[in-house]
Structures are given as C-alpha cells and as structure tokens.
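Remarks on the overall topology
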Amino acid sequence: MASISFKNVTKIYDGATSPVVPNLNLEIKDKEFVILVGPSGCGKSTTLRMIAGLESISEGELYIGDRLINKIPPKDRDIAMVFQNYALYPHMNVYKNIAFGLNLRKVDKDEIDRRVHDAAKILDLEHLLNRKPKELSGGQRQRVALGRAMVRQPSVFLLDEPLSNLDAKLRASMRTEIARLHQRLDTTFVYVTHDQTEAMTMGDRIVVMKDGVIQQYDTPQVLYDTPVNLFVAGFIGSPQMNFMDAAIEKENNQIYAVLGQDKLAVPKFKWDALAPYVGKHVTMGFRPEDFFIGDKVAAGNSMSAQMTFSELLGADYNLYMYVNDNRITVKIPATAEQPASGPLKLGADMDKAHFFDKESQKAICH
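Attention in this report is confined to the structure presented alongside it. Quick caveat, the model's predicted, so the values are computed rather than measured.

**Quick word on the overall build of the protein chain**
Of the regular secondary structure elements, the protein chain holds nine helices and 21 strands. Seen through its principal axes, the protein chain has C-alpha atoms that stretch 80 × 45 × 35 Å. Burial statistics for the protein chain: of 366 residues in total, 50% are counted as buried. Put simply, 64% of the contacts in the protein chain that link residues at least 6 apart link residues at least 24 apart. Total accessible area on the protein chain is roughly 17600 Å²; 47% of this is exposed by carbon and sulfur atoms. Charged side chains of the protein chain number 44 positive and 45 negative; the gap between the two group centres comes to 6 Å.

Structural data, given as structure tokens:
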C-alpha cells in the first residue's frame, strides 16, 4: 500500500513566526495521481519535500501506507523524486545516470541492466544510452530523470515542477508521457506545479493550495464546475473565470442579478441560495465559454458590453470586453462571426452563473 496520509502536519522554518504549512490534513489514495497546485509560495513544494524527507515535520504525523515516516530517512521511504532541473550527472552517459541509484544500492549487475533497458524502452531512450546529458534535448533529459526514478521501482513517485524548464510544445507532449507512465507503472504519483493546465489534464484529483492551506481537493471537473470559493474559481481555468459585481434584487416573484442598467433573470434552482442576498451585492462569475453574442442573445436578458480587441487561437477567438468597469474574456468558436469593436449586447448562460459572497468569498451557488 502506497497511500499517503497527512495528519495535522505543520511546517515552521527555523526563525519564522508563522508556519508555511499549518495543520495540513490530506489523504492520497494508493495508485492515485494527485496534483498539488497553487501560486508561488503556497506551500506545495514544501508539502512534497516533507513526503520525500527533504524537509522535517514540525508537528503532526505523516504516513506512507500504515508506516509512520516522520523520523525515517529519505533513502528508506521507498520513494523516488524527479526535480525541476533534472539533476543529471554531466560526466555520465544516459545508461550510467539511470543506473546510478541501483549501483549505490549494490543491486546485481544483470538486474541493473534489465531495469535500465526496460525503462529506456518505455521512455524511448534506447538509442540514447551512450550519450552524455549535454548531447540531449530538454525533453530527453527529463525522460532520463524519469527513468532514473523508474528503475528504483518505488511505491511513490514525487515530481516537483518537472516540466517548467521545457518549451510549450514539449510540455504538452511530456504531460501525455507522464500520464501514460502513471497508467503503466500503476503506482502513486504526487506532482507539484503552478500551471493549472497541467493540473487539469493530468491529475485524478487536484489539491488547490493557498498560504499553506488546502482550499479544495477534488477531481478536475468538480473544481472547474463547482469551485468552493473565489480563489479556486479564479485559479482553475484558462482563461480564468470572469467576475463582476452584481446586486441581487427581487421583482414580481423573480430574482435578478443587476449590473448597472441591465437585469439578468436568475434561474429558479438558484433562488433559495440567493434569497438571503436580496438587496445586497455579490460577486457573479462566468466561464469565458458561457457567454452568447449575436442572434443567441435573449431579448431583455443581456448586459451592455464594450468590445475592445480579439485574439485568434486556432479553433477559438478570445474576445476582450468591458461590462461596466469589469474587464472580461469571452470565448467563441473561430467559425462564429466576430463582432466589431465598440458597444454590443452580451448574453450569458445564467444556468452556469456562479455566485460568491463578497465578504467571505465563499461560493453561494453554481
């Protein structure tokens, strides 16, 4: 069993007055691919390094399976770690880099040879085994780093922003390779990134962190569709969710979200949640793809917008506009008619509107 369990784990660095990770409780299932995501300084790498044993635990208990590992040295934790900078030995060829950890453990030479060639075959490195790291591309070096971790046959893989040094095209292909590798090895992966696109496309579940605190822990689709607060809503999704200030009003037995002179009818299934906010202001959010333009805009249920400019991104346009003083992004298919710059009427799918409390920033309803 390679489940991972944090129980009231706190990390305080020497001389610090507040913890970088306060009272963390987290359960990662055996063979699960879990992504730790959040902005720089949110505690995600510190959390990973505590699993690896590279950072000590100030308080609490950390388990791998049913084994308490607080005091167990890194080499005895049955984990392998892949770093952002590859950490390859420049004077060794690919074969020796992959085999290095096994040689340290004095594994039988025939077994080392078998494991190295098995890993090289999976990672398409067989034709590169005699090359030095300086003769490899960034993607090839990252695959060597993965191979070095694979041959140890660990129960847990830890990956700390392994793709951040690669260009965009290579990152996309390496995301696929790592996801395939997880399926093939059928073991626990814990992966740190600040790139929410990586998180959405790779993980079984995602841990969204801010200031060392877990904001939400769930599947990518749940995070996208039902974020628990404004931070998660704004962090998950690219382009990010659009936010605007709205007054909640009730008129003729209908609840409206009011933006300046415009009234948007709120669907009945959201009424109970929004009833306490009648006469108050909330934050309303829409994903970029949940807007309408042109003939799809319903009469009397639209908002006044000011189109500024657009970007063509292959299959889609990103349209940049203002609604009142709120800058928003609207995504439409490239095949749709692109509106001209200037004023227009913008519709929104109110079934998919998200509402957040302005003070607590917690979700009211979706």
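**Thoughts on the sheet that holds strand β12 (residues 254–259)**
Taken together, the six strands give an open sheet; going across it, the order is β13-β12-β11-β14-β20-β21, and neighbouring strands pair in antiparallel fashion. Both edges of this open sheet fall to β13 (262–265) and β21 (363–365), since each of them pairs with a single strand only. Here the strands of the sheet are splayed against their neighbours by 45° on average, with no regard to which way each runs. With two bridges joining them, strand β20 (residues 354–356) and β21 adopt antiparallel strand pairing. Each residue of the ladder has a partner; that of phenylalanine 355, found in β21, is cysteine 365.

**So, the sheet that holds strand β8 (residues 188–193)**
If you walk across this open sheet you meet the six strands as β6-β7-β8-β3-β9-β10, and the pairing is mixed. Unpaired on one side and paired on the other, β6 (79–82) and β10 (213–218) mark the two borders of the sheet. Pairwise comparison of adjacent strand axes, ignoring direction, gives a mean angle of 15° for this sheet. Sheet analysis places strand β7 (residues 156–160) next to β8, joined by five bridges and oriented parallel. Pairing of phenylalanine 157 across the sheet is with phenylalanine 189, part of β8. The strands touched by helix α5 (residues 168–185) within the sheet are β3 (33–37), β7 and β8, with β8 carrying the most contacts at an inclination of about 160°.

**Remarks on the pairing of β3**
Of all five residues making up β3, five are buried, and the element is well covered by its neighbours. Burial along β3 is two-sided: Phe33, Ile35 and Val37 and Val34 and Leu36, pointing in opposite directions, are all buried. With five bridges connecting them, β3 and β8 associate as parallel partners. Residue pairing for β8: phenylalanine 33 is matched across the bridge by phenylalanine 189. In this sheet, strand β9 (residues 205–210) lies alongside β3 in parallel orientation, the contact comprising four bridges. When the sheet's bridge partners are listed, valine 34 is paired in β9 with arginine 205.

**Here we look at the packing of helix α4 (residues 138–150) against α5**
Geometry of a packed helix pair, given as the angle between the helix axes and the separation of the axes. Their axes nearest at 11 Å, the elements α4 and α5 cross at an angle of 15°. Put simply, α4 runs roughly parallel to α5. Our pair here, α4 against α5, has a crossing hand that is right-handed. Of the residues in α5, those in contact with Gly138, Gly139, Gln142, Arg143, Leu146 and Met150 of α4 are Leu170, Met174, Glu177, Ile178, Leu181 and Leu185.

**Some words on the packing of aromatic side chains**
Inspection of the entire model under this criterion finds eight aromatic pairs. Geometrically, the ring pair formed by tyrosine 89 and phenylalanine 100 is tilted, given 4.6 Å between the ring centres and 45° between the ring planes. Highlighted residues: tyrosine 89 in the loop between β6 and α2 (94–104) and phenylalanine 100 in helix α2, separated in sequence by eleven residues. Their ring planes at 50° and their centres at 5.3 Å tell us that phenylalanine 286 and phenylalanine 291 sit as a pair that is tilted. Overall, the relative accessible area of 5% leaves phenylalanine 291 in the buried class. Cation over ring: lysine 280 sits above tyrosine 277, and NZ or CZ is 5.9 Å from the ring centre.

**Examining the pattern of salt bridges**
Applying the stated criterion across every chain, the model contains 13 salt bridges. A salt bridge links lysine 31 to aspartate 186; its shortest N-O distance comes to 3.3 Å. Of the two residues, lysine 31 is situated in the loop between β2 (21–28) and β3 and aspartate 186 in the loop between α5 and β8; the sequence distance between them amounts to 155 residues. A residue is classified by how much of its surface remains accessible, and aspartate 186, at 42% relative accessible area, is partly exposed. Measuring nitrogen to oxygen at the nearest pair gives 2.9 Å for the salt bridge that ties arginine 115 to glutamate 111. Of this pair, arginine 115 and glutamate 111 both sit in helix α3 (residues 109–122), four residues apart, roughly one helical turn. When salt bridges with common partners are traced through the structure, they connect Glu111, Arg114, Arg115 and Asp118 into a single cluster.

**Some words on the packing of α2 against α3**
In the contact formed by α2 and α3, the axes pass within 10 Å of each other and the chain directions differ by 135°. Regarding the angle of α2 to α3, the classification is oblique. Here α2 and α3 pass one another in a crossing that is right-handed. Taking contact as the criterion, the partners of Tyr95, Ile98, Ala99, Leu102 and Asn103 in α2 are, on α3, Ile112, Asp113, Arg115, Val116 and His117. Of the residues in the contact of α2 with α3, the class split is six nonpolar, two polar and two charged.

Criteria and thresholds
The residue count restarts for each chain, going from 1 along the sequence in the order it is written. The predicted nature of this model means local features are confined to residues of pLDDT at least 70 and side-chain atom pairs, given and counted, to a pLDDT of 80 or more, with totals for whole chains, interfaces and linings taken over all residues. To obtain the side-chain values, all non-hydrogen atoms of the structure were included, while hydrogens and water were left out. Secondary structure follows DSSP: runs of H or I at least 4 residues long count as helices, runs of E at least 2 residues long count as strands, and numbering of each begins at the N terminus. Exposed residues in this analysis have more than 50% of their type's maximum accessible area, buried residues have under 20%, and partly exposed residues fall in between, with area computed by a 1.4 Å probe over protein chains only. For this analysis, residues touch if any pair of their heavy atoms sits within 4.5 Å. Throughout, the Shrake-Rupley method with a 1.4 Å probe supplies accessible areas, and for residues the shown protein chains are the sole cover considered. Positive residues here are Lys and Arg, negative ones are Asp and Glu, while His and the chain termini are left out of the count. Charge positions are represented by NZ for Lys, CZ for Arg, CG for Asp and CD for Glu. Pairs of strands are assigned from DSSP output, requiring at least two bridges between the strands. Fitted lines through C-alpha atoms give the axes, limited to the stretch in contact for helices. The angle between two N-to-C directions lies from 0 to 180 degrees. Should an angle fall under 35 degrees it is called roughly parallel, over 145 degrees roughly antiparallel, and 65 to 115 degrees roughly perpendicular, with every other angle called oblique. Handedness of a crossing follows from how the near helix is turned relative to the far one, being left-handed for an anticlockwise turn of less than a right angle and right-handed for a clockwise one. In summary, the pairing rule links any two rings of Phe, Tyr or Trp, Trp by its six-membered ring, whose centres are within 6.5 Å, and it sorts them by plane angle into stacked for under 30 degrees, edge-to-face for over 60 and tilted for everything else. Think of it as a cone above the ring: NZ of Lys or CZ of Arg counts as a charge over the ring if it is within 6 Å of the ring centre and within 35 degrees of the ring normal. Salt bridges, as used here, are contacts in which a Lys or Arg side-chain nitrogen is within 4 Å of a carboxyl oxygen on Asp or Glu. Throughout this entry, Asp, Glu, Lys and Arg are counted as charged residues, while Ala, Val, Leu, Ile, Met, Phe, Trp, Tyr, Cys and Pro are counted as nonpolar. The remaining residues, Gly among them, count as polar.

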